[in-house]
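# Structural overview
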Amino acid sequence: MPEVDFFHLTDVGCVREANEDAIGSWPCEDGLVFAVADGLGGHNAGEVARALALEVLAEELHNSAGTPVAKRLKSAVQEANLRIYTKSTTVPELRRMGTTLTATAVVGDRLVTAHVGDCRLYLLRNGTLTQLTKDHTWVWEQVQYGILSPEEARTHPKRHMLSRALGQDLIVSIDTLTMNVQPGDVLVQCSDGIHALLSDTEIRELLTPENQPDAACRALIRRGCERGGDDNLSVQIACVVSCSASATRQPWWRFGR
């Protein structure tokens, strides 16, 4: 089992009345799974969708214990999509509800991620911060095509327009990523309330050796609020201490809200 120092935090921000973000984490028999979801839809539909996504994810991961984690994650996200879609098409007041979802597992020396939407997963390794996921948004597609620059995309009026989310169609396309991790790696998973306000450089600057996961989470949310906090803010940080199954210290997790 890997040794991981982990903390996460979500905040309503400075403008919104309700928090439509949700965060969750689950120790599993072979590592740690953590996820962030950002709900969308009128009234309380976004809150229903994001809560249902994490509920189904936890349930499916538990029920499929023993199967490869990559298969478990992708299957769980697909099941979450189906449940949200079904509920949105049968309950009138929840019609067209949906949510983004990014779920990551650290198992031994492997990282596995299943991703739909515009939450992000970053890797800090040897001083360099790299975005591992791709935003499923209209502006991100324009950046990929060379139509918009990253700087233009950050302030474009359509920057929040999703091209993919859970609950919008019967079957959703899920991005998956599998890669090796190593001691010293820092994983940062966050909602768009964080990365829309803070540049990659600013995020990197707050991930200092002095900032343990809890302090780093608080620093990122505090900086987001200083920038106006016009959306809900959620961040999860996992520091890989050891990938050895024979680590002398048990992994520990601390949780914040």
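These numbers come from a predicted model, not from an experiment.

### With respect to the overall build of the protein chain
Along its length, the protein chain carries seven helices and eleven strands. A compact globule built from 257 residues would reach a C-alpha radius of gyration of about 18 Å, and the protein chain, at 17 Å, matches this within 12%. With the C-alpha coordinates aligned to their principal axes, the bounding extent of the protein chain is approximately 55 × 40 × 35 Å. Carbon and sulfur atoms form 51% of the exposed surface of the protein chain, whose accessible area is close to 11400 Å².

### Side note on the confidence of the model for the protein chain
Parts of the prediction with low pLDDT should not have their coordinates interpreted in detail. Here the protein chain averages 90 in pLDDT, and 94% of its residues register 70 or above. For the protein chain, the element scoring lowest by mean pLDDT is strand E11 (residues 252-253), at 38; strand E9 (residues 186-190) scores highest, at 98.

### Quick look at the nonpolar core
Within the largest apolar cluster, 31 residues are counted, with the highest numbers of intra-cluster contacts made by Leu54, Leu57, Leu73, Val77, Ile84, Leu101 and Leu166. Of all the secondary-structure elements, those providing two or more residues to this core are strand E2 (21-28), strand E3 (31-40), helix H1 (45-63), helix H2 (69-90), strand E4 (98-107) and strand E5 (110-116). It is H1 that provides the largest number of residues to this core, a total of eight residues. Residues contacting leucine 57, with those up to four places away along its chain left out, are Trp26, Ala35, Leu73, Ala76, Val77 and Ala103.

### A few points about a nonpolar patch on the surface
Together, Leu82, Leu170 and Ile171 line one region of the surface with nonpolar side chains, adding up to about 290 Å² of accessible area. Its place among the elements puts leucine 82 in helix H2. Its relative accessible area of 32% is what places leucine 82 among the partly exposed residues.

The rules behind these values
Within every chain, residues take consecutive numbers counted from 1 along the sequence as written. Where local features are concerned, this predicted model is filtered to residues with pLDDT of at least 70; where side-chain atom pairs are given and counted, the filter is 80 or more; whole-chain, interface and lining totals use all residues. Water and hydrogen atoms play no part in the side-chain values, which are based on all heavy atoms of the structure. Only DSSP runs of H or I reaching four residues or more are called helices, and only runs of E reaching two or more are called strands; each is numbered from the N terminus. C-alpha atoms define the radius of gyration, and 2.2 Å times the number of residues to the power 0.38 defines the globule rule. We get accessible surface area from the Shrake-Rupley algorithm with a probe of 1.4 Å; when it comes to residues, only the shown protein chains can shield them. For every residue, the predictor states its confidence as a pLDDT score lying anywhere from 0 to 100. The set of buried Ala, Val, Leu, Ile, Met, Phe, Trp, Tyr and Cys residues whose side-chain atoms join them within 4.5 Å is what this entry labels a nonpolar core. Whether a residue is buried, partly exposed or exposed follows from its accessible area with a 1.4 Å probe, protein chains only, as a fraction of its type maximum: under 20%, in between, or over 50%, in that order. Here, two residues are considered to be in contact whenever any of their heavy atoms come within 4.5 Å of each other. Note that patches include only residues with greater than 30% relative accessible area and no salt bridge, and the join distances are 9 Å for like charges and 5 Å for nonpolar side chains (Val, Leu, Ile, Met, Phe, Trp, Tyr). One side-chain nitrogen of Lys or Arg within 4 Å of one carboxyl oxygen of Asp or Glu is enough to make a salt bridge.

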